[in-house]
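Examining the three-dimensional arrangement
The residues making up each chain are set out below.
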Amino acid sequence: MTERPTPAEPGDGALSGVVVVLLVDFHPHHQSWGWRRLMRGGGVWREQTGATFAKVMGSGHDGGFTLRPSATHQGLVAMVPNQGQAQALLESDLAQDYRQRARQWWAGIMAIQSARGSWDGHAWQPSAAPSYAAPLTRQAMPMAVLTRASIRPAKAMAFWRHAPAAQEDLQASDGCLLAMGLGEAPLVRQCTFSLWRDAQAMTDYAQDGAHQRAAAAAYKNDFFSESLFVRLNLLSQRGVWRGPIAAHA
């Protein structure tokens, strides 16, 4: 997705806090349970955990960024006021229900380093200093990127023509520790989450090859009615996703 998101309109309510991402690949015999939770959406997370923002999303085949849907992969993106509430969210009954039904799962707590654009009309702002000051004192920390876009329906097919090559480059990238394609709605409301060894690895991918060409095409052809690009500092992580990921807590 493009790194040139649509700017938020003046006066949009801005969101800030600590971001929680939960990725799940359900056991096949729990996929119907997962589908029911997907249909319920993020409202239950906001009601029961105090999240100021929550989206439950499906994914492409095998967790990728493809038109073919996955029957078992899902992701949660949520925002809470502080790191303590983020920990409480991941220890909640809601989160435990997901983990107990998963054959693999990963969860991360992250501070917003920078953000451009908006999601549902709300801009995102950097997290308050107490949430991210400590990780910034270390060198070569893992970082994450969240991108989200509402694709103009008339331009959806043009957008998706660029997706396979960008996905292949992402999977082959040496510095990418984890990546998953997510979506609120088929074809037109898409999101990606990726975790990187460090900022340089992410920049190398974003500014070269198929991803750079896809970003340029999206900007030139005005593919998106709304978009968001967020860089996040990893504060803690738990779980396993397609093999071990370097521990960080």
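From a predicted model like this one, the values you see are computed outputs, not experimental measurements.

With that settled, the discussion passes to the layout of surface pockets. In this model, the second largest pocket occupies a volume close to 410 Å³. What lines the second largest pocket is a set of 29 residues, among which Gly58, Ser59, Pro69, Gly183 and Pro186 lie closest to the centre. Counting residues per element, the ones that place at least two in the lining of the second largest pocket are helix H1 (31-40), strand S2 (53-60), strand S3 (69-80) and strand S7 (176-185). Sorting elements by how many residues they give to the lining of the second largest pocket places S3 first, with six residues. Tallied by class, the residues present in the lining of the second largest pocket amount to 14 nonpolar, 14 polar and one charged.

The next subject is unusual backbone geometry. One non-glycine residue, Asp62, lies in positive phi territory at about 60 degrees. In this fold, Asp62 is placed in the loop between S2 and S3. Note on Asp62: relative accessible area 45%, which makes it partly exposed. For Asp222, which is not glycine, the phi dihedral falls at a positive 55 degrees. Looking at Asp222, the relative accessible area reads 38%, which means it is partly exposed.

Take the packing of aromatic side chains next. Tallied over the full model, the rule gives 14 aromatic pairs. Between Trp119 and Trp124 the ring centres are 6.1 Å apart and the planes differ by 15 degrees, which places this aromatic pair in the stacked class. When the centroid spacing of 5.5 Å and the interplanar angle of 85 degrees are considered together, the rings of Phe159 and Trp160 count as edge-to-face. A relative accessible area of 7% means that Phe159 is categorised as buried. The class of Trp160 is buried, set by a relative accessible area of 7%. Ring-pair connections join several aromatic residues into one group, and the members of that group are Phe65, Phe159, Trp160, Phe223 and Phe224.

In this model, helix H9 (residues 209-221) (13 residues) spans 18 Å end to end at C-alpha, consistent with the 18 Å of a helix rising 1.5 Å per residue. Of the residues making up H9, those classed as buried are Gly209, Ala210, His211, Ala214, Ala215, Ala217 and Ala218. Contacts made by the buried residues of H9 are with helix H7 (163-172), helix H8 (199-206) and strand S9 (224-240). Downstream of H9 by a residue or two, Asp222 has a phi angle that is positive, lying close to 55 degrees.

The element strand S8 (residues 189-196) is extensively covered by neighbouring structure, given that seven of its eight residues are classed as buried. Alignment of S7 against S8, held across eight bridges, turns out to be antiparallel. Looking at the pairing, Ala179 lines up with Ser194 of S8. Between S7 and S8, which follow one another and run antiparallel, lie three residues, and Leu187 among them has a positive phi close to 75 degrees.

Attention shifts here to the environment of Trp105. With respect to the element layout, Trp105 can be found in strand S4 (residues 102-119). Ignoring any residue separated from it by four or fewer positions in sequence, one finds Trp105 in contact with Leu22, Leu23, Val24, Arg99, Arg238, Gly239, Val240 and Trp241.

Close inspection of predicted coordinates is inappropriate in any region flagged by low pLDDT. In this model, the protein chain carries a mean pLDDT of 86, and residues with pLDDT of at least 70 account for 88%. By mean pLDDT, helix H5 (residues 129-136) is the weakest element of the protein chain at 52, and strand S1 (residues 18-26) is the strongest at 97. In this model, residues 1-11 is a region of pLDDT below 50 whose contacts with residues beyond four sequence positions or in other chains number 37 contacts. Considering only residues more than four positions removed or in separate chains, one finds that residues 133-139, a stretch of pLDDT under 50, has six contacts.

Conventions adopted
- Residues numbered from 1 in each chain as written.
- Predicted model: local features only at pLDDT ≥ 70, side-chain atom pairs only at ≥ 80, totals over all residues.
- Heavy atoms only, no water.
- 1 Å grid on protein atoms, 1.4 Å probe; cavity = no way out; pocket = protein on both sides within 12 Å on 5 of 7 lines; lining within 4 Å.
- Points joined across faces, edges and corners; volume = space filled by probe spheres on them.
- Helix = DSSP H or I, 4+ residues; strand = E, 2+ residues; numbered from the N terminus.
- Nonpolar A, V, L, I, M, F, W, Y, C, P; charged D, E, K, R; others polar.
- Buried < 20%, exposed > 50% of the residue type's maximum accessible area, 1.4 Å probe, protein only.
- Phe/Tyr/Trp six-rings, centres within 6.5 Å; stacked < 30°, edge-to-face > 60°.
- Expected span 1.5 Å × (residues − 1).
- Contact = heavy atoms within 4.5 Å.
- Pairing = 2+ DSSP bridges.
- pLDDT = per-residue confidence, 0-100.

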